Amino acid sequence: METEKKIIGRCPLCGGNVVKTCKGYRCEHNLGDHPSCALNINGIIGNRKMKDAEITELLEKRHILLDGFATKEGRMFPTVLELADDGSINMQPVIGKCPHCGGDILVGSRAFNCSNYASQTAPCSFAIWRNIGGHQLTLDEAKTLCENGITGNELEMYRDDGSIYRKRLGVSPDKLQIIKV
Ligand SMILES: [Zn+2]
Ligand SMILES: [Zn+2]
């Protein structure tokens, strides 16, 4: 009889099934004495318990933006988890380059901020709010804004009275803020 296992997704390294274990998530080809795959993802990353659906997205897209990580001191922070080619999981808070000054754009809890925000010589105030008009920006949308200066699709946003409108988001001509276009 086949042993029952909970399949979470497909391994991006070898194409095998990734199954839920007592400690986290493991590729079915990373079992036994001579495993042919190295994928083994801890169920707790950065003092944060991972959800099955988050691991599924990480396996599919190789990166996922998440809130709720915590330092040893208990300070909460968001970051992007990246699944590297060797199967390791890295925190990668840099999502792109600042359209205004070329600095790094970092994930923050309320906005994607420029790393030169507090620079002594050339401070930069460029930021992309993570919530614009009730729309929660995805990682891909924020990356596209940094790279192309405009989102690919119109995004659904909401007025105070609840009515829906759809706009693309773009970088303003002075490259200091995000505008609806
Ligand atoms: Zn594998
Ligand atoms: Zn900047």
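Parameters at a glance
Residues numbered from 1 in each chain as written. Chains lettered and ligands numbered in written order. Predicted model: local features only at pLDDT ≥ 70, side-chain atom pairs only at ≥ 80, totals over all residues. Heavy atoms only, no water. Helix = DSSP H or I, 4+ residues; strand = E, 2+ residues; numbered from the N terminus. Buried < 20%, exposed > 50% of the residue type's maximum accessible area, 1.4 Å probe, protein only. Contact = heavy atoms within 4.5 Å. Lys, Arg positive; Asp, Glu negative; His and termini not counted. Charge placed at Lys NZ, Arg CZ, Asp CG, Glu CD. Pairing = 2+ DSSP bridges. Axes fitted to C-alpha atoms, helices over the stretch in contact; angles between N-to-C directions.

Engineer: Quick one: what's the story with the overall build of the protein, residue by residue and with numbers?
Structural biologist: Helix and strand counts for the protein stand at two helices and 19 strands. Summarising its shape, the C-alpha atoms of the protein cover approximately 65 × 45 × 30 Å along the three principal directions. Burial analysis of the protein (181 residues in total) assigns 38% to the buried set. A separation of at least 24 residues holds for 29% of the contacts in the protein among residues at least 6 apart in sequence. Here the protein contributes 23 positively and 22 negatively charged side chains, and the mean placements of these two sets differ by 3 Å.

Engineer: Tell me what's going on with the sheet that holds strand β12 (residues 111–114), and back it up with residues and numbers.
Structural biologist: On the basis of which strands lie adjacent, the open sheet formed by four strands has the order β10-β11-β12-β13 and antiparallel pairing. In the strand order of this sheet, the two ends are held by β10 (94–97) and β13 (127–129), each with one partner. For this sheet the average axis-to-axis angle between neighbouring strands, irrespective of direction, equals 20°. Helix α2 (residues 139–148) contacts β10, β11 (104–107), β12 and β13 of the sheet and is inclined by roughly 25° relative to β10.

Engineer: How would you explain α2 if you had to name every residue and give the values?
Structural biologist: Buried residues of α2: L139, E141, A142, L145 and C146, and no others. Remark: G149 follows α2 within two positions and exhibits a positive phi of approximately 80°.

Such coordinate-based values are descriptive only and should not be taken to indicate function.
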